[in-house]
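For reference, the chains in residue letters:
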Amino acid sequence: MPEYWLFLLVLFFIQIDFGLRSVCTLICEASTIGYWIPEAPYKLWYMSCIVVFYAIFPIYFKLFKKHGLKVSIGFIVGGFLLALFYLVIMAFCFDNENYGELLSRSISRVPIFFIGALVGHYAKDSKEFVMTNKGKVVNLILFMLSMAAVFYLQNIWSHALRYLPFMFITPTLCMILAWLFDKLPHTVSSIFTKIGSISLELYMCHVAVYYDMGLRYAITNSWGAYVGIPMVFALSFLAAIILYYINKHVLQPVCGRMLKL
């Protein structure tokens, strides 16, 4: 969160608008409540989403430590049913309005989050996950059907329901990528590891450079798309690396000392 707040402050000062409306917008964005209030300003929907997930996680993990795998299954199935219920309501009862699209992105990721939490726990404890050949076939079939559903639902509903198949796509895609990285040379996989370590910063900086600061159009209009687009990506990576080191060497130590007080 501290680097997210720093990101918002930088954008706030760049826009050179310090009126009451801008300050209220900053508060809505920094607190992440703007995302959950219809027509309120918000920034980076993923940050608002993950704050809620992290608030729920201690409750989940306490139950998981006590009752084991069945808690994870319960949260995953419950998240799936919640997402299905919400998305169907948005599609058929509210004419698929935009606010349905906003919240559907978050609710559809509830089961994905708890799948990731379970896999992450097993990885941390170095537990080997072995899938049978039958399991691999079923997983691959679900993956292909879900990929087809994504394209099919895009054409039928512009917003709701199109995110739900990702709960089947994401785990399989992660396993495919893990297998692929095992086959790649160590140098190549280490590059992707380094990119992964700045993924959050890259997400924030790319949004700032690409959309908020409008550099995409300024650079491409001056240099053309073939030169401008790589320059925008390069600027996003440079800003992400700078933000990563500011967070690691300044924000984290300061916040750690404040929490100890």
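If you're wondering where the values come from, they're calculated on a predicted model, not measured in any experiment.

Details of helix H1 (residues 2-14)
- The end-to-end C-alpha distance of H1 is 18 Å, a good match for the 18 Å that 13 residues give at a rise of 1.5 Å each.
- Taken as a whole, H1 has its buried residues at Glu-3, Tyr-4, Phe-7, Leu-8, Leu-11 and Phe-12.
- Remark: Ile-16 follows H1 within two positions and exhibits a positive phi of approximately 55 degrees.

Let's talk about a nonpolar patch on the surface
- Taken together, the side chains of Val-188, Ile-191, Phe-192, Ile-195, Ile-229, Phe-233 and Phe-237 define a hydrophobic patch exposed on the protein surface, amounting to about 560 Å² of accessible area.
- Looking at the nonpolar patch, the elements with two or more residues in it are helix H9 (186-197) and helix H12 (225-260).
- If you tally residues by element for the nonpolar patch, the top one is H9, at four residues.
- Tracing the chain through its elements places Phe-237 in helix H12.

Observations regarding the packing of H1 against helix H2 (residues 20-31)
- Relative to each other, H1 and H2 sit at 160 degrees, their axes nearing to 10 Å. One finds that H1 runs roughly antiparallel with respect to H2. Remark: the crossing between H1 and H2 carries right-handed chirality. On H2, the residues that touch Tyr-4, Trp-5, Leu-8, Leu-9 and Phe-12 of H1 are Ser-22, Val-23, Leu-26, Glu-29 and Ala-30.
- Of the residues contributing to the contact of H1 with H2, the split by class is eight nonpolar, one polar and one charged.

Calculation criteria
Residues numbered from 1 in each chain as written. Predicted model: local features only at pLDDT ≥ 70, side-chain atom pairs only at ≥ 80, totals over all residues. Heavy atoms only, no water. Helix = DSSP H or I, 4+ residues; strand = E, 2+ residues; numbered from the N terminus. Expected span 1.5 Å × (residues − 1). Buried < 20%, exposed > 50% of the residue type's maximum accessible area, 1.4 Å probe, protein only. Patch = residues over 30% accessible without salt bridge, like charges linked within 9 Å, V, L, I, M, F, W, Y side chains within 5 Å. Areas by Shrake-Rupley, 256 points an atom, 1.4 Å probe, with all protein chains shown as cover. Salt bridge = Lys/Arg side-chain N within 4 Å of Asp/Glu carboxyl O. Axes fitted to C-alpha atoms, helices over the stretch in contact; angles between N-to-C directions. Parallel < 35°, antiparallel > 145°, perpendicular 65-115°, else oblique. Left-handed = near helix turned anticlockwise from the far one by under 90°. Contact = heavy atoms within 4.5 Å. Nonpolar A, V, L, I, M, F, W, Y, C, P; charged D, E, K, R; others polar.

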